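Residue-level structural notes
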Amino acid sequence: MFRKQPSKPQNRIDSLIGAGTKIEGNVTFSGGLRVDGEIVGNVTASQEQASTLVLSEHARIDGEIRVSHLVINGAVNGPVYAGEFLELQSHSRLKGDVHYNSLEMHLGAIVDGRLVHRSSEAKAVELKL
């Protein structure tokens, strides 16, 4: 009855990590972020507003990702938490568990880990209480 409405994805890209750029350390952003380079560290969106992270085909992230909307076409080595929507495009390669609410997976995408639906997690937490 009083369910939280899903947030709308961020349609514009506010920040870009370009090809050939390597960041070592955690990244926190708001709005939209596109990664064409490499990040060694966790990528987290601020909780105040809807966020979108887009990883191009040549992007790579070694670390945990926590965002509301996520589009992956590159490589991720670490757990992924997509609060609203996750799109795995045809060149995406994930090594780690994937926690999602809504999932779109294209032919050719590879996931080496568990796919965990967020409502399943909530039920498991309720059962433990």
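Residues numbered from 1 in each chain as written. Predicted model: local features only at pLDDT ≥ 70, side-chain atom pairs only at ≥ 80, totals over all residues. Heavy atoms only, no water.

**Overview of the overall build of the protein chain**
Short version of the rule: Helix numbering and strand numbering both begin at the N terminus, where a helix is a DSSP run of H or I of at least 4 residues and a strand a DSSP run of E of at least 2. Exposed residues in this analysis have more than 50% of their type's maximum accessible area, buried residues have under 20%, and partly exposed residues fall in between, with area computed by a 1.4 Å probe over protein chains only. By definition, residues are in contact when any of their heavy atoms lie within 4.5 Å. Note on areas: Shrake-Rupley with a 1.4 Å probe; residue coverage comes only from the protein chains shown.
Summing up its helical and strand segments, the protein chain has 1 helix and 16 strands in all. When the 129 residues of the protein chain are sorted by exposure, 40% land in the buried category. In the protein chain, the share of contacts with a sequence separation of at least 24, taken over all contacts with a separation of at least 6, comes to 8%. On the protein chain, roughly 7600 Å² of surface is accessible, and the fraction owed to carbon and sulfur atoms is 50%.

**Some thoughts on the nonpolar core**
Going by this rule: Remark: nonpolar core denotes a set of buried residues (Ala, Val, Leu, Ile, Met, Phe, Trp, Tyr, Cys) joined through side-chain atoms within 4.5 Å.
Within the largest apolar cluster, 25 residues are counted, with the highest numbers of intra-cluster contacts made by Val43, Leu53, Leu55, Ile65 and Leu70. Among the elements of the structure, β3 (27-29), β4 (31-35), β6 (43-45), β7 (51-55), β9 (65-72), β11 (80-88) and β13 (98-100) are those that each provide at least two residues to this core.

**Some words on the sheet that holds strand β5 (residues 38-40)**
Across a sheet, paired strands are connected by hydrogen bonds in the backbone, their directions being either parallel or antiparallel. We count it as follows: Two strands form a pair only when DSSP identifies at least two bridges running between them. Orientation is described by lines fitted to C-alpha atoms, with helices fitted over the stretch in contact, and by angles between N-to-C directions that extend from 0 to 180 degrees.
Reading across from one edge, β2-β5-β8-β10-β12-β15 is the order of the 6 strands in this open sheet, with parallel pairing throughout. The sheet terminates laterally at β2 (22-24) and β15 (110-112), the two strands that pair on one side only. Adjacent strand axes in the sheet meet at a mean angle of 5°, parallel and antiparallel pairs treated alike. Pairing between strand β12 (residues 93-95) and β15: 3 bridges, direction parallel. Bridging from a neighbouring strand, Leu94 pairs with Val111 of β15.

**Quick look at the pairing of β7**
With 5 of 5 residues buried, β7 is to be regarded as a mostly interior element. Pairing geometry for β4 and β7, over 5 bridges, is parallel. Across the sheet, the residue bridging to Arg34 is Val54, located in β7.

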